[in-house]
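This is what each chain is made of:
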Amino acid sequence: MSVTFPDSPLPDVPVDAELRFDTALPYAACLAFPLSSSGCSCDDFRLCWYFSRDLLDEGRHAQVGRGDVRVGPGPEGEVFITLQGPAGETVLSAPEDVVTAFLADSFALVPAGSESDHLDLDSELARIRDLG
């Protein structure tokens, strides 16, 4: 999808971004940005922000979130996502129809309330034990 940065010096310049969902991380949505103009789609060349899928869903209708990620409705047809990092804060505007379609697909894969059924807690606990 193309997003814009309405508070930037170039508010109408579109930037490529991608919403991702992984059933192994059923509570999360990922907003990924390419870091290279080479056309490589490798994960090594992407900046990814992970945040609550519910935050993204609720933020389409009302301002929600605290801390590093906040989501709220923008002008008609847009969703504002505010990202806070060590270098500062930025607001991006994403097309509401794309966000809604992404959420519909993710909730079809992992319905709301069934997220814990998709977690492999035994494997994760074994991994943590092996680290210690």
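Everything that follows concerns the structure shown earlier in this document.
Anyway, here's the lowdown on the structure attached to this text. Positions within a chain are numbered from 1, following the residues in the order the chain's sequence is written. This being a predicted model, a pLDDT of at least 70 is required before a residue's local features are given, and a value of 80 or more before pairs of side-chain atoms are given or counted; all residues contribute to the totals for chains, interfaces and linings. Note: side-chain values were computed over all heavy atoms of the structure, leaving out hydrogens and water.

## Topic: the overall build of the chain
As a reminder, the rule being used: The helix and strand labels rest on DSSP assignments: H or I over at least four residues marks a helix, E over at least two residues marks a strand, and numbering proceeds from the N terminus. Classification of residues uses two cut-offs on accessible area relative to the type maximum, computed with a 1.4 Å probe and protein chains only: under 20% is buried, over 50% is exposed, and between them is partly exposed. Contacts are assigned to residue pairs that have any heavy atoms within 4.5 Å of one another. Note on areas: Shrake-Rupley, 1.4 Å probe, and residue coverage restricted to the protein chains presented here.
Summing up its helical and strand segments, the chain has 3 helices and 8 strands in all. Its helices and strands in sequence order give the chain the pattern β-β-β-β-β-α-β-β-β-α-α, from N to C terminus. The burial tally for the chain puts 31% of its 132 residues in the buried class. Once local pairs closer than 6 in sequence are excluded, the contacts in the chain between residues at least 24 apart make up 38%. For the chain, the accessible area works out to roughly 8100 Å², and carbon and sulfur atoms hold 54% of it.

## Observations concerning the environment of Leu109
For Leu109, the position within the fold is in helix α2 (residues 96–109). Put simply, Leu109 and Thr23 are 86 residues apart on the chain and 7.3 Å apart in space, counted from C-alpha to C-alpha. Once residues lying within four places of it in the same chain are set aside, the contact partners of Leu109 are Phe21, Thr23 and His118.

## Topic: the pattern of salt bridges
Should their charged atoms come close, side chains of opposite charge can pair. Quick note on the threshold: Should a side-chain nitrogen of Lys or Arg be within 4 Å of a carboxyl oxygen of Asp or Glu, the pair is scored as a salt bridge.
Counting across every chain of the model gives 3 salt bridges. The residue Arg60 makes a salt bridge to Asp57 at a minimum N-O spacing of 2.6 Å. Linking Glu89 and Arg70 is a salt bridge whose minimum nitrogen-to-oxygen distance equals 2.8 Å. One end of the pair, Glu89, is in strand β8 (residues 88–95); the other, Arg70, is in strand β6 (residues 69–73), with 19 residues separating them in the sequence.

## Focus: the sheet that holds β8
Across a sheet, paired strands are connected by hydrogen bonds in the backbone, their directions being either parallel or antiparallel. The line we're drawing: Note on pairing: DSSP must find at least two bridges between two strands before they are called paired. In this analysis an axis means a line fitted to C-alpha atoms, helices contributing only their contacting stretch, and an angle means the value between N-to-C directions, from 0 to 180 degrees.
Taken in spatial order, the 3 strands of this open sheet run β6-β7-β8, and their pairing is antiparallel. A strand with exactly one partner marks an edge of an open sheet, and here the two such strands are β6 and β8. Strand after strand, the sheet turns through a mean of 20° between neighbouring axes, direction not considered. In the sheet, β6 pairs with strand β7 (residues 78–85) via 5 bridges, with the strands oriented antiparallel. Bridging across to β7, Gly72 finds its partner in Phe80.

## Details of the pairing of β7
The turn joining β6 and β7, which pair antiparallel and follow one another in sequence, is formed by 4 residues; a positive phi near 85° is taken by Gly77. In terms of strand pairing, β7 meets β8 through 8 bridges, oriented antiparallel. In the strand pairing of β8, Val79 is matched with Ala94. The hairpin turn running from β7 into β8, its antiparallel successor, is 2 residues long.

## Observations concerning the sheet that holds strand β4 (residues 28–34)
An order of β3-β4-β5 is seen for the 3 strands of this open sheet, with the pairing classed as antiparallel. Every interior strand has two partners, whereas the edge strands, β3 (18–20) and β5 (46–52), have only one. Averaged over all neighbouring strand pairs, the angle between strand axes comes to 25°, with direction disregarded. Here β3 runs beside β4; their pairing, made up of 3 bridges, is antiparallel. Within β4, the residue paired with Glu18 across the bridge is Ala32.

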